[in-house]
Amino acid sequence: MSSHIVTPGPYRATKLWNEVTKLFRAGMPLKKHRQHLRVYASCFSASAAVDWLHELLKNNSNFGPEVTRQQTVQLLKKFLKNHVIEDVKGRWGMEDLEDNSQLYRFPSTSPLKPIPNRAPVLRKKSMSMMDRESFFKFRGSKKFDKEILENVDPETQVSPMESSSGETEGCRELTEEDIHVIWKNVTLTHLQKLVGSGSLEDVLDPAQVSPKFIVYNMTKVNKHGVVSLEDKTEDLPHWVLSAMKCLANWPKYDSNQSSYPGFERDVFKTVSDYFYSLSQPLLTFRYYELFVNILGLLQPSLERVAIEALQLCTLFLPPASRRKLQLLLRMISRMSQNVDMPRLHDIIGTRTLLVQTFSRCVLSCEEVDDLDELLATRLLSFLMDHHQEVLQVPVYLRNAVDDHVNYLKSLTTCPGSAVTMPTYSFCRQISTQEFEEQKLSVSQAALADLLENLIKDKAMSVKEKKKKLKLFQKEYPDIYLRRFPTTESEAQLFADKPKIKPPMLLSIKKPKNFSIRN
């Protein structure tokens, strides 16, 4: 069953729901079935529906091949709840559909979700996107369009010919606020070009975009392009970061090292539990509609466009969220490609498990959205494969901002005055030897943290804890010796455990043997 691409625009998730509903209703094969001595015409079994719809979703470019059979079952449950389908007795509204031989049919009318009518937002004296592009297109030009500047909306643009009080000056220095506004407007202009005319303003409120976040995410990065946070309280906890590094570099740094059975699953659960505990997804609720629309660009012919659009959109994120997203994607990408990584699930493959585990931690809707799980799966799968490009600092954006700033400097600088421009510092490059030393120290710290967690685990039985400590001592004797330098310190760990008294029967004297001849 062929389908068309649901292009970017407002309420794209609702449009996708209606698209899948129409395709399923038009293409699902209907047959005559017998059940409980009765014959039902024009119906289908739940398992047949799962088979057909699963193939549709996997081959549909709006969703992709990462969709699982279980996700298809969940979607059919939502179809039943929304009366897209009903059972052969006309019942619906309950999410009790299972992957079995139960029979279902289509109701006489297929309920499609209504598309809300959104009134256009009119802004007084606002610039059109063509005007903005003209305003920012300074490369090689020698003229400055004063007419455009006079029509600048002070809420969205800052004219270099106006002071902060709104009074026109003959000339003045560019402030840090001016620079931030330029960063924001250049970014939005580039994004508008990528997503197409008219679609951006329908899914993004420019007033919600923080230029400070854009500047920080562009400039405060280490040599790997990962955001460096000044406020360490916003960073990943040390124990989570240690667990993530352990999984990303499995089997640690020595292929001969091993650990107790299930060790990697425990570490993986530690990481997943943390990301599930976050109050918001990493892409934030605010930008859900924006990223759902970027998904409309994930077509083979538009892959480069999608990557550039995601580059810009992820700059809008709070720096702490962007950093966590970067580190999470680096970890799961390495895990999915690591042939030495043990299976983390008895049935599901590693890549599928990673996508299913973290998709809703990356993208989810604050309100009820019946397709958000499928859309999140599609986006995370793409990010896993292209995260290095998506989350790198876009050099072209920096160059565009520099060109605009330099041109405005030449126009607004008074004779004899200097324009103070903000400077940005970057992390110091270190030698290979220093990197290896730091890498070793980090791995040692991570193992030490894991040992402490094992020691403090109150839910584990004494017998099991002794067994795992013995295994840890065997594999990592140096780390174990630092924690327990003497046998007394090791014995102290279990010293407070109550001693079990011997059975009272042992204290009873055995009766003397006697003979029946007595």
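You'll find the structure just up there.
Residues numbered from 1 in each chain as written. Predicted model: local features only at pLDDT ≥ 70, side-chain atom pairs only at ≥ 80, totals over all residues. Heavy atoms only, no water.

Q: Please give an account of the overall build of the protein that cites residues and values.
A: Counting secondary structure elements, the protein contains 20 helices and 4 strands. For the protein, long-range pairs separated by at least 24 residues make up 69% of all intrachain contacts whose partners lie at least 6 apart in sequence. Summed over its atoms, the accessible surface of the protein is roughly 29200 Å², and 52% of this surface lies on carbon and sulfur atoms. (Helix = DSSP H or I, 4+ residues; strand = E, 2+ residues; numbered from the N terminus. Contact = heavy atoms within 4.5 Å. Areas by Shrake-Rupley, 256 points an atom, 1.4 Å probe, with all protein chains shown as cover.)

Q: So what about the pairing of strand 1 (residues 31-35)? Which residues, and what values?
A: Taken together, the 4 bridges between strand 1 and strand 2 (residues 38-45) define a ladder with antiparallel strand orientation. Paired with Lys-31 across the bridge in strand 2 is Cys-43. (Pairing = 2+ DSSP bridges.)

Q: Before we move on, could you go through the environment of Trp-183 and cite the residues and values that matter?
A: With respect to the secondary-structure elements, Trp-183 resides in helix 6 (residues 176-195). Trp-183 sits 221 residues away from His-404 along the chain, and the two C-alpha atoms are 9.5 Å apart.

Q: How would you explain the packing of helix 6 against helix 8 (residues 211-219) if you had to name every residue and give the values?
A: Put simply, helix 6 and helix 8 touch, their axes get as near as 8 Å, and they point 85 degrees apart. Viewed along their axes, helix 6 and helix 8 adopt a mutual orientation that is roughly perpendicular. Facing helix 6, whose interface residues are His-180, Trp-183, Lys-184 and Thr-187, helix 8 presents Pro-211, Lys-212, Ile-214, Val-215 and Met-218. Its residues placed into classes, the contact of helix 6 with helix 8 shows 5 nonpolar, 2 polar and 2 charged. (Axes fitted to C-alpha atoms, helices over the stretch in contact; angles between N-to-C directions. Parallel < 35°, antiparallel > 145°, perpendicular 65-115°, else oblique. Nonpolar A, V, L, I, M, F, W, Y, C, P; charged D, E, K, R; others polar.)

Q: Go over the sheet that holds strand 3 (residues 86-87) with me, naming the residues and quoting the values.
A: If you trace the 4 strands from one edge of the open sheet to the other, you get 1-2-4-3, paired in antiparallel fashion. The open sheet terminates on both sides in strands that have one partner only, identified here as strand 1 and strand 3. Two strands pair when backbone bridges link them, and strand 3 and strand 4 (residues 103-105) are joined in this way by 2 bridges, in the antiparallel orientation. Among the inter-strand pairings, Asp-87 is bridged to a residue of strand 4, identified as Tyr-104.

Q: Account for the packing of helix 1 (residues 12-27) against helix 2 (residues 46-59), with residues named and values stated.
A: Two numbers describe how helix 1 lies on helix 2: the axes approach to 11 Å, and their chain directions differ by 130 degrees. As far as their axial angle goes, helix 2 and helix 1 are oblique. Judged by the sense of rotation from one axis to the other, the crossing of helix 1 with helix 2 is right-handed. Taking contact as the criterion, the partners of Val-20, Leu-23, Phe-24 and Gly-27 in helix 1 are, on helix 2, Ala-49, Trp-52, Leu-53, Leu-56 and Leu-57. (Left-handed = near helix turned anticlockwise from the far one by under 90°.)

Q: Could you give me a rundown of the side chain of Ser-45, with the residues and numbers involved?
A: Tracing the backbone through its elements, the reader meets Ser-45 in strand 2. Polar contacts involving the side chain of Ser-45 include one to the main-chain amide nitrogen of Ala-48, which spans 3.1 Å. Residues in contact with Ser-45, not counting those within four places in the same chain, are His-33, Asn-100, Ser-101, Gln-102 and Leu-103. (Polar contact = N/O pair within 3.5 Å; in protein donor to acceptor, adjacent residues only side chain to side chain.)

Q: Describe the packing of aromatic side chains, with residues and values.
A: Within the structure shown, the criterion is met by 15 aromatic pairs. Ring geometry for Tyr-480 versus Phe-484: centroids 5.1 Å apart, planes at 50 degrees, classification tilted. Judged by its relative accessible area of 4%, Tyr-480 is buried. Put simply, the rings of Trp-17, Phe-24, Phe-44, Trp-52, Phe-79 and Phe-106 touch in pairs and so form one group of aromatic residues. Its guanidinium or amino end placed over the ring of Trp-17, Lys-113 lies 4.2 Å from that ring's centre, counting from NZ or CZ. A cation over an aromatic ring shows up here: Arg-483 above the ring of Phe-484, its NZ or CZ 4.9 Å from the ring centre. (Phe/Tyr/Trp six-rings, centres within 6.5 Å; stacked < 30°, edge-to-face > 60°. Buried < 20%, exposed > 50% of the residue type's maximum accessible area, 1.4 Å probe, protein only. Lys NZ or Arg CZ within 6 Å of the ring centre and 35° of its normal.)

Q: Tell me about the environment of Leu-75, and please be specific about residues and values.
A: Within the element layout of this structure, Leu-75 appears in helix 3 (residues 69-81). The spacing of Leu-75 and Val-50 is 25 residues in sequence and 9.3 Å in space, taken between C-alpha atoms. The residues contacting Leu-75, other than those within four sequence positions of it, are Trp-17, Val-20, Leu-53, Leu-57, Leu-371 and Leu-374.

Q: I'd like a description of unusual backbone geometry, backed by residues and values.
A: In this chain, Trp-250 is followed by Pro-251 through a cis amide linkage whose omega measures 0 degrees. Phi is positive for Leu-37, close to 65 degrees, though the residue is something other than glycine. Locating Leu-37 in the fold gives a position in the loop between strand 1 and strand 2. Unusually for a residue other than glycine, His-83 sits at a positive phi of about 65 degrees. Mapped onto the fold, His-83 is located in the loop between helix 3 and strand 3.

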